[in-house]
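So you can see what is in the structure, the chains are spelled out below.
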Amino acid sequence: MKSITATNDFVVKFANVNGSGSASANEMFAKSILRMGVPVSPRNIFPSNIQGLPTWYEVRVNERGWLGRRGGVDLMVAMNPQTWDADIAEIEPGGYLFYDSTRPLPKSKFRDEVRTLGMPITDICNATYDDPRQRQLFKNIIYVGALSVLLGIEADVIETLIGEQYRSKPKLYEPNVKALHIGRDYAQRNFSAEPIGLAVRRADAVGDRIFVDGNDAAALGCVYGGATVCAWYPITPSSSLAEAFQKYCAKYRIDPDTGAHRYAIVQAEDEIASIGMVTGAGWNGARAFTTTSGPGVSLMTEFIGLAYFAEIPVTIIDVQRGGPSTGMPTRTQQADLISCAYASHGDTKHVLLFPQDPLECFEFAVQALDLADRLQTPVFVMTDLDIGMNQRLCAPFAWDDARTYDRGKVMTAAELEAGKDFGRYKDVDGDGIPWRTYPGTHADKGAYFTRGTSRDPYARYSERGPDYLYNMERLLKKFETAKTLVPQPLPHKAAQPTKLGVIHFGSTAPAMEEAIDMLECDGVHLDTLRVRAFPFADAVAEFIAAHERVFVVEQNRDAQLRSMLVNEFGIDPARLVPVLHYDGTPITARFIAGAIARHARGAHATPQPAQAANA
Amino acid sequence: MTYITKPKLHHPSLACNALGFTRRDYEGKISTLCAGCGHDSISASIIRACWELAIEPHRVAKLSGIGCSSKTPDYFLGQSHGFNTVHGRMPSVLTGAALANRDLIYLGVSGDGDSASIGMGQFVHAIRRGVNMTYIVENNGVYGLTKGQFSATADAGSVSKKGVANSDAPIDLVGLALQLGASYVARGFSGDKQQLVPLIKGAIAHRGAALIDVISPCVAFNNHAGSTKSYEYVREHNDAVNRLDFIAPRTEIVADYAPGETIEIEQHDGSRLRLHKLDAAYDPSDRIAAMNYVHAHQAKGEVVTGLLYVDETAQDLHAHLGTVAAPLNSLDAAALCPGAATLDKINAALR
Ligand SMILES: Cc1ncc(C[n+]2csc(CCOP(=O)(O)OP(=O)(O)O)c2C)c(N)n1
Ligand code: SF4
Ligand SMILES: [Mg+2]
């Protein structure tokens, strides 16, 4: 069997044990390739566990810049005996296996069509280090050294990264560089005679892009967007967002004169309390947000209805994971759309934003804070584990210093004093958005009673039918207004005119772009539309109307976005073909292209969902 | 039902406070509660306390949960912003509001169902965080608004109007608050304004989490023989540990009481609480002694009222979080946004 040969286009997967210190070495491996100008997109695959269970780190190297998960593994770095059999089985025919050969393994444990590269890492470590902790930790950097020789990654690039990592602990620099070279020397002595077919070659395909995870980016967006109150309850995969907000605030939100904090972060007792605090802070004129995942949203729903009906700005960042219930807490999905869009009892509808990558996590977090104030309503940023917890290459963050915060329609003491009429729930501007006052504004004007019960336009308790209808219809009008304020959908035209279209959103974007490229090579042309918010802009309905068949690609079982499109536009469901991937792994271009190609050729009359294969 | 405004005719003989406001300026809409409901008496005490303290009404934010008790913020302080939140969740909303603007006075009103059942978690955590608030539980031992089911504060053996005896152990909010670290803990009785008004004034002047559990008979569902939250029972079993005078900052000290029976506590704002001890053994600065005292008397079926505990050196949540002196809701982009140059540096570190 011929071994795979590929330059700047392959997948390396590390199989490790959780808590063994592999994460930082693996990240250094990925970053060294980036520093050589070659795009990578790594993904953590980890269990709901702190120590001892298997964890994987999959790095896709791709000079063309495809950042979606590819599927398949060309080089497996098998460091976990527990998962050995499954890891070996996953290697593509003609691929490579790098492993710790200290303990001899029977031939039956290997595959003929996979080339093995054994290195006695444990032996080397035991001979070099006395301290058991060091023996474990340096194993990781030693294998990075060996891989760097196998793949042609420059040593000084990794040395620079080690220097950056240990800038504040210079004592650790030397031993790490030494370990790196132990690995390199071994590989040069033992593997150079017969180089492998995979190689990294210097390129110029990264540009000025940054490498960051979506949770970090969204947290930074909350800092830039002026959030001062954050209330949260720990839940994977959202916790690192609140923690990153804490980290950035400690750096950028300290009063230089007094050292006092220009922020308040409360780890609440549960998600009901966190949304309650955000509601209280929003009511009282502070920008506030919470971050959570599916189960947290479920707990928050009563408050979300209150904030909708009483018209209080609230920003919720939902980092979606696999549901229902505890589901797959460390796997990715886009399965909270319906539970967020229509969260709470009674007739409710909420604004959702769908970021595709960390840059949009940053931008949409800022925008959500503005929209919540402008619209006086809950706004969700619907990210997911794939974007949130994996570092992703994206365009750099940008900020215009002339930008100010849109605090929406807030009546001031001066306006009240001047006699401006204040009807808290009155539509005076024709956009459905009423004016509000902050508590404590004026001695005898502008106070009102906020409640979840029905009221008249002057906030007076009323169960009169006409008052209730006025209010509910005004809320609908406000939702119409929201349509024009939210991020608009982004269309992309196929190379030639086509009757086929694709709608997708959020973290599906990189796999989608690649799938379109694959399909185009196969002669299947599709226009695409990336939906970036709910309520859907009219352009979404126009896109559907302009195509005979539209595929709706999403990462959930029940075609939730499709249901919402059918529901909101009253579209014939037969026009929308679901393409659904929901096994917890990030969707791949291979999966999308396969599903669409089958349908495009088969021309089914009624849509059959393209089910998740184990891709 | 629509709302009813209260006619605002100022009687010339009505006394004015330091701000020139009469008591009418602290009133709200006309109550829709049952005539004789203890909750209305508590509203009257709140009005009286705020008037006597000469608080600017609009500097108060009044928040509540859901229940007859939680409706009452509509019936006092008509010039204050109010927020009738969801059942049992007033504490979190109040916490968020207090974080947003530390300069307002936060008054939380709740019921025993609201705080001791559905909202127990939030009650507990708001108190242990030391949110700067006056938290009043209007405690009638039943769910008034849903027509008389037992609440979690109903005493074991207490009999409902329908004749059913409560078999569950009661939750004592005062005992809990003491254990949770509340820095001002009192119990009052809606029928005793003389004691209640100064307790409310002391709580408002206090910096930190102040809880007042006010026994407030429900005339519709829990004011019969067999109820331990009835007017009659409380009047008979009330063991008042002290009476309180509230002395505002810089006001003249009135005639002294006999030494040994009076102690004074000075709060952060310079106001003083003068306690006339009815029980010589009672020391409101000793948390553990207070817990013992309350429990011992509870075991005898006595309802201990008065200021049970106060820590005048307490810190509040803002102090714990180290927030700036200016209200967070007043900070603008210049104070909050790190700007483009910093973002460029952040970008550079992410390559
Ligand atoms: C989530 C939810 N569950 C149930 C209710 C119904 N409910 C309204 S008031 C109330 C009990 C109120 O009791 P309490 O707090 O003691 O107030 P009271 O009426 O006795 O003053 C209940 C159960 C509700 N409003 N919300
Ligand atoms: S039902 Fe009870 S608590 Fe409610 S208003 Fe009537 S007396 Fe008061
Ligand atoms: Mg009650």
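Because the structure is a prediction, the values reported are computed rather than measured.

Cut-off values and rules
- Residues numbered from 1 in each chain as written.
- Chains lettered and ligands numbered in written order.
- Predicted model: local features only at pLDDT ≥ 70, side-chain atom pairs only at ≥ 80, totals over all residues.
- Heavy atoms only, no water.
- Near = heavy atom within 4 Å.
- Nonpolar A, V, L, I, M, F, W, Y, C, P; charged D, E, K, R; others polar.
- Buried < 20%, exposed > 50% of the residue type's maximum accessible area, 1.4 Å probe, protein only.
- Helix = DSSP H or I, 4+ residues; strand = E, 2+ residues; numbered from the N terminus.
- Pairing = 2+ DSSP bridges.
- Right-handed = clockwise from strand over helix to strand, strands pointing away.
- Polar contact = N/O pair within 3.5 Å; in protein donor to acceptor, adjacent residues only side chain to side chain.
- Areas by Shrake-Rupley, 256 points an atom, 1.4 Å probe, with all protein chains shown as cover.
- Axes fitted to C-alpha atoms, helices over the stretch in contact; angles between N-to-C directions.
- Domains from an automatic or database assignment.
- Contact = heavy atoms within 4.5 Å.
- Buried area = accessible area lost by both parts, 1.4 Å probe.
- Salt bridge = Lys/Arg side-chain N within 4 Å of Asp/Glu carboxyl O.
- Donors = N, O, S within 2.8 Å, 3.2 Å for Na, K, Ca; no water.
- Parallel < 35°, antiparallel > 145°, perpendicular 65-115°, else oblique.
- Left-handed = near helix turned anticlockwise from the far one by under 90°.
- Core = buried A, V, L, I, M, F, W, Y, C linked by side-chain atoms within 4.5 Å.
- Phe/Tyr/Trp six-rings, centres within 6.5 Å; stacked < 30°, edge-to-face > 60°.

### Comments concerning the site of ligand 2
Taken together, B:Leu33, B:Cys34, B:Cys37, B:His39, B:Cys68, B:Asn140, B:Gly144, B:Cys218, B:Val219, B:Ala220 and B:Phe221 make up all the residues around ligand 2. Looking at the shell around ligand 2 residue by residue, the class counts come to 8 nonpolar, 3 polar and no charged.

### Structural notes on the pairing of strand S23 (residues 576–580) of chain A
Residue and element names in this part refer to chain A. The element S23 is extensively covered by neighbouring structure, given that 5 of its 5 residues are classed as buried. Neither face of S23 is exposed, since Leu576, Pro578 and Leu580 on one face and Val577 and Val579 on the opposite face are all buried. The pairing of strand S22 (residues 549–554) with S23 spans 5 bridges and is classified as parallel. Its bridge partner lying in S23, Glu554 is registered against Leu580. Handedness of the β-α-β unit built from S22, helix H18 (residues 560–569) and S23 comes out right-handed.

### Digging into the site of ligand 1
Taken together, 18 residues are adjacent to ligand 1, and B:Ser69, B:Asp112, B:Gly113, B:Asp114 and B:Gly144 come closest. Mapping the residues adjacent to ligand 1 onto the chains of the assembly identifies chains A and B. At 3.1 Å, a side-chain N or O of B:Asn140 approaches an oxygen atom of ligand 1. Here an oxygen atom of ligand 1 sits 2.8 Å away from a polar atom, N or O, in the main chain of B:Gly144. Relative to its unbound accessible surface of 600 Å², ligand 1 loses 76% to contact with the protein. Those elements giving two or more residues to the shell around ligand 1 turn out to be helix H2 (68–71), helix H4 (112–118) and strand S5 (142–143) of chain B. Residue contributions to the shell around ligand 1 peak at 4 residues, all from H4(B).

### Notes on the sheet that holds strand S18 (residues 490–492) of chain A
All names here are of chain A. Within the open sheet, the 5 strands sit side by side as S18-S20-S19-S22-S23. Their pairing is mixed. In this open sheet, the two edge strands, each paired with only one partner strand, are S18 and S23. Taken pair by pair, the neighbouring strands of this sheet meet at an average axis angle of 20°, ignoring direction. Sheet topology places strand S19 (residues 500–505) next to S22; 4 bridges connect them, and they run parallel. In the sheet register, Gly501 faces S22, and the bridge partner there is Val550.

### Quick look at the domain arrangement of chain A
All names here are of chain A. According to the domain assignment, chain A consists of domain 1 (6–199), domain 2 (212–394), domain 3 (413–485) and domain 4 (490–602). Spacing between the C-alpha centres of domain 2 and domain 3 amounts to 26 Å. Each partner contributes to the interface: domain 2 provides 22 residues, whereas domain 3 provides 25 residues. For the pairing of domain 2 and domain 3, the buried interface totals around 2000 Å² over both sides, and the portion due to carbon and sulfur atoms is 59%. Remark: the boundary between domain 2 and domain 3 carries 4 salt bridges.

### Observations regarding the coordination of the magnesium ion (ligand 3)
Donor atoms from the polypeptide that coordinate the magnesium ion (ligand 3) comprise B:Asp112 (OD), B:Asn140 (OD1) and B:Val142 (O), at 2.1 Å from the metal. You can call B:Asn140 buried: its relative accessible area is 4%.

### A word on the packing of helix H7 (residues 214–224) of chain A against helix H12 (residues 358–375) of chain A
Residue and element names in this part refer to chain A. One can describe the packing of H7 onto H12 by two numbers: an axis separation of 7 Å at closest approach and a directional angle of 30°. By the criterion of interaxial angle, the relationship of H7 to H12 is roughly parallel. Seen from above, H7 lies across H12 with right-handed handedness. Taken together, the residues of H12 that come into contact with H7 (itself represented by Gly214, Ala217, Ala218, Leu220, Gly221, Cys222 and Tyr224) are Pro358, Cys361, Phe362, Ala365, Val366 and Leu369. Here the contact of H7 with H12 is composed, by residue class, of 11 nonpolar, 2 polar and no charged.

### Some details on the interface of chain A and chain B
With 70 residues of chain A at the interface, the matching set in chain B holds 57 residues. Counting the surface lost from both chain A and chain B, the interface buries some 5300 Å², and carbon and sulfur atoms represent 64% of this. The interface formed by chain A and chain B contains 2 salt bridges. A salt bridge links B:Asp74 to A:Arg451; the shortest N-O distance between them is 2.8 Å. One can count 24 residue pairs in polar contact (both at pLDDT 80 or more) joining chain A with chain B. When residues of the side of chain A that touches chain B are traced back to their parent elements, those giving at least two are helix H1 (22–35), strand S9 (210–213), H7, strand S11 (264–267), helix H9 (271–283), helix H10 (294–310) and strand S17 (449–451) of chain A. It is H9(A) that provides the largest number of residues to the side of chain A that touches chain B, a total of 8 residues. Of the residues assigned to the side of chain A that touches chain B, the class counts are 36 nonpolar, 17 polar and 17 charged. Sheet topology note: the S17(A)/strand S2 (residues 81–84) of chain B ladder contains 3 bridges and is parallel. Each bridged residue has a counterpart across the sheet, and for A:Phe449 the counterpart in S2(B) is B:Gly82.

### What about the environment of A:Val77?
Residues and elements named next belong to chain A. Among the secondary structure elements, Val77 is positioned in strand S5 (residues 73–78). Judged by relative accessible area, Val77 falls into the buried class, the value being 0%. Measuring from C-alpha to C-alpha, the distance between Val77 and Phe14 comes to 4.6 Å, with 63 residues separating the pair along the chain.

### Quick look at the nonpolar core
In this structure, A:Phe245, A:Phe397 and A:Ile503 are the most contacted members of the largest nonpolar core, which totals 158 residues. Per-element accounting of this core gives the leading share, 11 residues, to H12(A). Among all residues touching A:Phe397, those that are not within four sequence positions of it are A:Ile210, A:Val212, A:Ala217, A:Leu220, A:Pro358, A:Leu359, A:Phe362, B:Leu343, B:Asn347 and B:Leu350.

### Looking at the sheet that holds strand S11 (residues 262–266) of chain B
Residue and element names in this part refer to chain B. Across the sheet, which stays open at both edges, the 3 strands sit in the order S10-S12-S11 with antiparallel pairing between neighbours. Edge strands, defined here as strands with exactly one partner in the open sheet, are strand S10 (242–247) and S11. Within the sheet, the average angular offset between the axes of one strand and its neighbour, ignoring direction, is 20°. With 5 bridges joining them, S11 and strand S12 (residues 272–277) adopt antiparallel strand pairing. From the neighbouring strand, Ile265 faces S12, where its bridge partner is Leu273. Sheet strands touched by helix H7 (residues 193–205): S10 and S12. Its angle to S10, the strand with the most contacts, is close to 50°.

### Section: the side chain of B:Ser271
Tracing the backbone shows B:Ser271 in the loop between S11 and S12. Residue contacts for B:Ser271: discarding those within four places in its chain leaves B:Ala205, B:Phe246, B:Ile247, B:Ala248, B:Pro249, B:Ile265 and B:Glu266.

### Overview of the pattern of salt bridges
Residue and element names in this part refer to chain A. Following the criterion strictly, the structure yields 53 salt bridges over all chains and no others. Close ionic contact of Arg460 with Asp456 constitutes a salt bridge, the shortest N to O distance being 2.9 Å. Classification of Asp456 as buried rests on a relative accessible area of 10%. Within this structure, Arg287, Asp370, Asp373, Arg403, Arg407 and Arg436 form a network of salt bridges that share partners.

### Description of the pairing of strand S7 (residues 184–189) of chain B
Residues and elements named next belong to chain B. Of all 6 residues in S7, 6 are buried; the element is thus mostly enclosed. Residue alternation in S7 divides its side chains into two sets, Tyr184, Ala186 and Gly188 and Val185, Arg187 and Phe189, and both sets are buried. With 6 bridges connecting them, S7 and strand S8 (residues 209–215) associate as parallel partners. The partner of Val185 across the bridge, within S8, is Leu211. Tracing the backbone out of S7, into H7 and back to the parallel element S8 gives a crossover that is right-handed. In this sheet, strand S13 (residues 303–310) lies alongside S7 in antiparallel orientation, the contact comprising 4 bridges.

### A short note on the side chain of A:Arg60
Within the secondary structure, A:Arg60 is located in strand S4 (residues 54–62). In this view, A:Arg60 contacts A:Phe10, A:Val11, A:Pro39, A:Val40, A:Ser41, A:Trp66, A:Gly68, A:Arg69, A:Arg70 and A:Glu514; residues no more than four positions away in its chain are not counted.

### With respect to the packing of aromatic side chains
Residues and elements named next belong to chain A. As enumerated under the stated definition, the model contains 24 aromatic pairs over all chains in all. Centroid distance Phe479 to Phe534: 5.5 Å. Interplanar angle 65°. Geometry classified as edge-to-face. Note that Phe479 is positioned in helix H15 (residues 465–485) and Phe534 in strand S21 (residues 533–534), a separation of 55 residues in sequence. The pair Phe479 / Phe534 is uniform in exposure class, with both members buried. Within the aromatic cluster, the residues linked to one another by ring pairs are Tyr342, Phe479, Phe534, Phe536 and Phe569.

### Brief notes about unusual backbone geometry
Residues and elements named next belong to chain A. Omega for the bond connecting Gly323 with Pro324 falls within 30 degrees of zero, at -5°, which places this linkage in the cis form. As for its placement among the helices and strands, Pro324 is situated in the loop between strand S13 (314–320) and helix H11 (337–341). The peptide bond linking Phe534 to Pro535 adopts the cis configuration, its omega dihedral lying at 5°. Along the chain, the position of Pro535 falls in the loop between S21 and helix H17 (538–545). The phi dihedral of Asn8 falls on the positive side, at around 55°, and the residue is not glycine. One non-glycine residue, Glu311, lies in positive phi territory at about 65°. Relative accessible area serves as the criterion here: at 1%, Glu311 is assigned to the buried category.

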